[in-house]
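Descriptive analysis of the structure
Each chain, written out:
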Amino acid sequence: MKIGFIGTGNMGKAIMKGYLSVHPGEGGMICAFDQDGDKLKAISDELGIVACEGLEQLMGFSDVVVLAVKPGNFDVVLPEISAFYQSEQVLVSIAAGISMGY
């Protein structure tokens, strides 16, 4: 299973680290994207994950997509990924206060 993380902040990073602690050596199965390129490179180097160059690459890579962005950024991210979403992909949100009917 390939997992994509949109956002590499504290929560996204913690989930990635937790997953890799249980599944060591599977960094190549995790792809992440963050608008902050320096933060993305740092986490990629630290955890050994794939740094995606954009949302299209991340969506094409991922079986499961974790939306690890702040609730205020949903209005920007969701329209961008909708063009690349495939019906067999699972979307997981960790944003508090965003309903399923968003």
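Residues numbered from 1 in each chain as written. Predicted model: local features only at pLDDT ≥ 70, side-chain atom pairs only at ≥ 80, totals over all residues. Heavy atoms only, no water.

Observations regarding the overall build of the protein chain
Operational definition: Per the convention used, a helix needs a DSSP run of H or I reaching at least four residues, while a strand needs a run of E reaching at least two, with both numbered from the N terminus. Throughout, radius of gyration means the C-alpha value; the globule benchmark is 2.2 Å times the number of residues raised to the power 0.38. For the exposure calls, accessible area comes from a 1.4 Å probe over protein chains only, and a residue counts as buried if that area is under 20% of its type's maximum, exposed if over 50%, partly exposed in between. Any two residues whose heavy atoms approach within 4.5 Å are treated as being in contact. Method for areas: the Shrake-Rupley scheme with a 1.4 Å probe, in which residue coverage is limited to the protein chains shown. Counted as positive: Lys and Arg. Counted as negative: Asp and Glu, with His and the chain ends omitted from the count. Lysine's charge is taken at NZ, arginine's at CZ, aspartate's at CG and glutamate's at CD.
Looking only at helices and strands, the protein chain has four helices and five strands in total. Ordered by position from the N terminus, the helices and strands of the protein chain form the series β-α-β-α-β-α-β-α-β. For the protein chain, whose C-alpha radius of gyration is 13 Å, the value lies close to the compact-globule estimate of 13 Å for 102 residues. Each principal axis of the C-alpha atoms in the protein chain carries an extent, and together these give about 35 × 25 × 25 Å. Among the 102 residues that make up the protein chain, the fraction classed as buried is 38%. A separation threshold of at least 6 residues defines the contact pool for the protein chain, and within that pool the share at least 24 residues apart is 67%. By element, 56% of the accessible surface of the protein chain is carried by carbon and sulfur atoms, the whole surface being about 5800 Å². Computed over 6 positive and 12 negative side-chain charges, the separation of the two mean positions in the protein chain equals 9 Å.

As for the pattern of salt bridges
Applied cut-off: What counts as a salt bridge is simple: a side-chain nitrogen of Lys or Arg found within 4 Å of a carboxyl oxygen of Asp or Glu.
Applying the stated criterion to the full structure yields three salt bridges. Where E46 meets K17, a salt bridge forms, and the shortest distance between an N and an O atom there is 3.6 Å. Here K17 lies in helix α1 (residues 10-22) and E46 lies in helix α2 (residues 37-47), a separation of 29 residues in the sequence. Among the residues examined, K17 registers a relative accessible area of 40% and is labelled partly exposed. K41 is the partner of D45 in a salt bridge, and the nearest nitrogen-oxygen pair spans 2.7 Å. Linking D45 with K41, this pair stays in helix α2, spanning four residues, or about one helical turn.

Quick notes on the side chain of T8
Convention followed: A 3.5 Å cut-off defines polar contacts: any pair of N or O atoms within that distance qualifies, except that in protein one atom must be a possible hydrogen donor and the other a possible acceptor, and neighbouring residues in sequence count only when both atoms are side-chain atoms.
Positionally, T8 belongs in the loop between β1 (3-6) and α1. Judged by relative accessible area, which is 3%, T8 ranks as buried. A distance of 2.8 Å separates a polar atom in the side chain of T8 from a polar atom in the side chain of D34.

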